[in-house]
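A closer look at the structure
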Amino acid sequence: MHDKNQNRDFHHALTVHNDLCIGCTHCMTVCPTQAIRVRNGKAIITANRCVDCGECYKACPVSAIVVEQDDLEMIFKFPVRVILIPSVLIGQFPKKIMTSSIYNALKEIGFTHIYEVENTVDMVLEAGRQYMHEQKERPMISSYCPAIVRLIQVKYPSLIGNIMKVNPPIDMSAMYYREKLKMSGIPEDQIGLFYATPCAAKIAAVKSPVGEIESAVTGVININFLYNRILKFLQRKYTESKPPETDDLLSSRGILWSLTRGEVIHSNGRALAIDGIKNVNEFLENIENEKLDQIDFLELRACDESCAGGILISGNRFLTVERLKNRAEEYKAREDDKNRKLTDGFLNINEHGFLGDIGPRPMAKLDEDFSAALKKLERQRRIMCFLPGFDCGGCGAPDCQTLSEDIVQGNGQISQCIFMQHQMIKQNVLSQSQAVRITDKIWGEGRLEKNCNKLGAEDENN
Ligand code: SF4
Ligand code: SF4
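Source: prediction; values computed, not measured. (Residues numbered from 1 in each chain as written. Chains lettered and ligands numbered in written order. Predicted model: local features only at pLDDT ≥ 70, side-chain atom pairs only at ≥ 80, totals over all residues. Heavy atoms only, no water.)

**Comments concerning the sheet that holds strand S11 (residues 297-301)**
Strand order in this open sheet of three strands is S7-S11-S10, and the pairing throughout is parallel. In this open sheet, the two edge strands, each paired with only one partner strand, are strand S7 (140-141) and strand S10 (271-275). Across two bridges, S7 lies against S11 in parallel orientation. In the sheet register, Met 140 faces S11, and the bridge partner there is Phe 297. (Pairing = 2+ DSSP bridges. Helix = DSSP H or I, 4+ residues; strand = E, 2+ residues; numbered from the N terminus.)

**Describing the site of ligand 2**
Of all residues adjacent to ligand 2, which total 14 residues, the nearest are Cys 31, Cys 50, Val 51, Cys 53 and Cys 56. Partitioned by chemical class, the residues of the shell around ligand 2 number 10 nonpolar, two polar and two charged. (Near = heavy atom within 4 Å. Nonpolar A, V, L, I, M, F, W, Y, C, P; charged D, E, K, R; others polar.)

**A look at the nonpolar core**
In terms of nonpolar packing, the biggest core is built from 146 residues, with Ile 83, Leu 84, Ile 85, Leu 106, Phe 111, Ile 230 and Leu 284 touching the most fellow members. With residues near it in sequence (within four places) discarded, Ile 83 still touches Leu 106, Phe 111, His 113, Ile 114, Tyr 115, Phe 194, Tyr 195, Ala 196, Ile 221 and Leu 226. (Core = buried A, V, L, I, M, F, W, Y, C linked by side-chain atoms within 4.5 Å. Buried < 20%, exposed > 50% of the residue type's maximum accessible area, 1.4 Å probe, protein only. Contact = heavy atoms within 4.5 Å.)

**What to know about a nonpolar patch on the surface**
Taken together, the side chains of Leu 20, Ile 22 and Val 62 present a nonpolar region at the surface, about 230 Å² in accessible area. Structurally, the position occupied by Val 62 is in the loop between helix H2 (55-59) and strand S4 (65-67). (Patch = residues over 30% accessible without salt bridge, like charges linked within 9 Å, V, L, I, M, F, W, Y side chains within 5 Å. Areas by Shrake-Rupley, 256 points an atom, 1.4 Å probe, with all protein chains shown as cover. Salt bridge = Lys/Arg side-chain N within 4 Å of Asp/Glu carboxyl O.)

**Here's the deal with unusual backbone geometry**
A cis amide bond links Arg 138 with the next residue in sequence, Pro 139, at an omega value of -5°. Relative to the helices and strands, Pro 139 resides in the loop between helix H5 (121-134) and S7. One non-glycine residue with positive phi stands out, namely Glu 305, at about 60°. Checked against the element boundaries, Glu 305 lands in the loop between S11 and helix H12 (317-332). Within the chain, Ser 306 stands out as a residue other than glycine whose phi angle is a positive 55°.

**With respect to the pattern of salt bridges**
Here the structure, examined in full by the defined rule, presents 20 salt bridges. Two residues, Lys 207 and Asp 70, come together in a salt bridge whose shortest N-O distance is 2.9 Å. Taken as a pair, Lys 207 in helix H8 (residues 200-207) and Asp 70 in the loop between S4 and strand S5 (80-85) lie far apart in primary sequence, 137 residues in all. Exposure remark for Lys 207: the relative accessible area of 31% places this residue in the partly exposed category. Residue class for Asp 70 comes out buried when judged on its relative accessible area of 16%. A salt bridge links Asp 459 to Lys 450, with the shortest nitrogen-to-oxygen separation between them at 2.4 Å. Three or more residues are tied together by salt bridges with common partners; here these are Arg 178, Glu 179, Lys 182 and Glu 188.

**Examining the side chain of Arg 150**
Topologically, Arg 150 is positioned in helix H6 (residues 146-155). Side-chain polar atoms of Arg 150 contact the side chain of Asp 52, separated by 3.2 Å. In this structure, Arg 150 is in contact with Phe 10, His 11, His 12, Val 51, Asp 52, Ala 204, Ala 205 and Ser 208, ignoring residues within four places of it in sequence. (Polar contact = N/O pair within 3.5 Å; in protein donor to acceptor, adjacent residues only side chain to side chain.)

**Thoughts on the domain arrangement of the protein chain**
For the protein chain, the assigned domains are domain 1 (14-67), domain 2 (72-352) and domain 3 (370-443). A C-alpha centroid distance of 44 Å is found between domain 2 and domain 3. (Domains from an automatic or database assignment.)

Set out below in structure tokens:
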């Protein structure tokens, strides 16, 4: 059950387009893991700190940060093409568009089978209960949001043992559907399972899974791309002949799962749901400092309104939540809503329900060697005595603490700090021209020259 290894490298789904980046630092300011630096007037993402939360993508005023996109054509390599959809795909469409119309449009796009990933939520719930019963660590932290799992790995490694190592519905559904198709006689190499992802973190999780050797998902399709393709079909007044076959294990619990409180409503004991990476960061800091205890379960999601607020969701997140809540109410009225359980035996909780080891990947680790790390820490603290603590970002790093870490790691110099430059010039250890060269390296040549193209800038004398 726990013999699966974690993957070695983090795959990242976000990249900065240098041609578009104007070096405004909006991304650097919002990044929760201090992963961004500015060099030569362009943002650079530090791979070992990034958790693919997408905050930088949302903050960029010129859309210079892009999310990778797999080519839809890749699905046609497989005779059997399954699209695994999260309920938030359906939730983006207005109520008047029937779910069956969306399913039909997906078939027109080229998928042979459609499966809503929340079909396996009851199995995830069962695995979660078993895990909580067996493991005494508290609070247990849900592993549902991959950005949160990575955040804990890089920023709060001491909380790794609190992660509930239960497979999320996407993986559970991929494994289930593959087994089901195989049992119907389809050879495994003919099956492609593609996930419609609402965020960058789930792309990263499929391409470099944590707690699994390999993801059960073949590829990912960005949900905004799919949404636009579906809309095109629907705008052509596409009408369905007969509703396509759906897998009817979806329950009201499944529909609500990816929304905020989707998990905590099933918890016994004291459970909290927190969404938004800033709130989560603050909360985890308190837990790490042992300021909060007696909490049994934490549902932590990186996006506001959880997956309804994913960066690839085109629809308004509040309307998406409303539509899904209405859909869940309809399902609740069904007689068998409470008893929708997988009974065909294609999945086994002990074999498929749990993740393997999840290791720490601390971003603040200064050296592999303990005594070298200690020396670096002492030096870093000494450097902090000199840096002004304004966290102004003028050095191209998000704050003074991060610059001091960069310096001891050999990735920065104290003279990058514009206030230190003044001191150093005064003490004749740095010349004016050296200071200009350092500033140019960070902000790009000519960055400090007059430029009226900026927002709010105008020279009425010209
Ligand atoms: S937000 Fe970041 S990526 Fe976007 S233009 Fe500003 S510095 Fe460049
Ligand atoms: S995706 Fe998140 S963690 Fe990565 S650079 Fe952007 S804001 Fe920072």
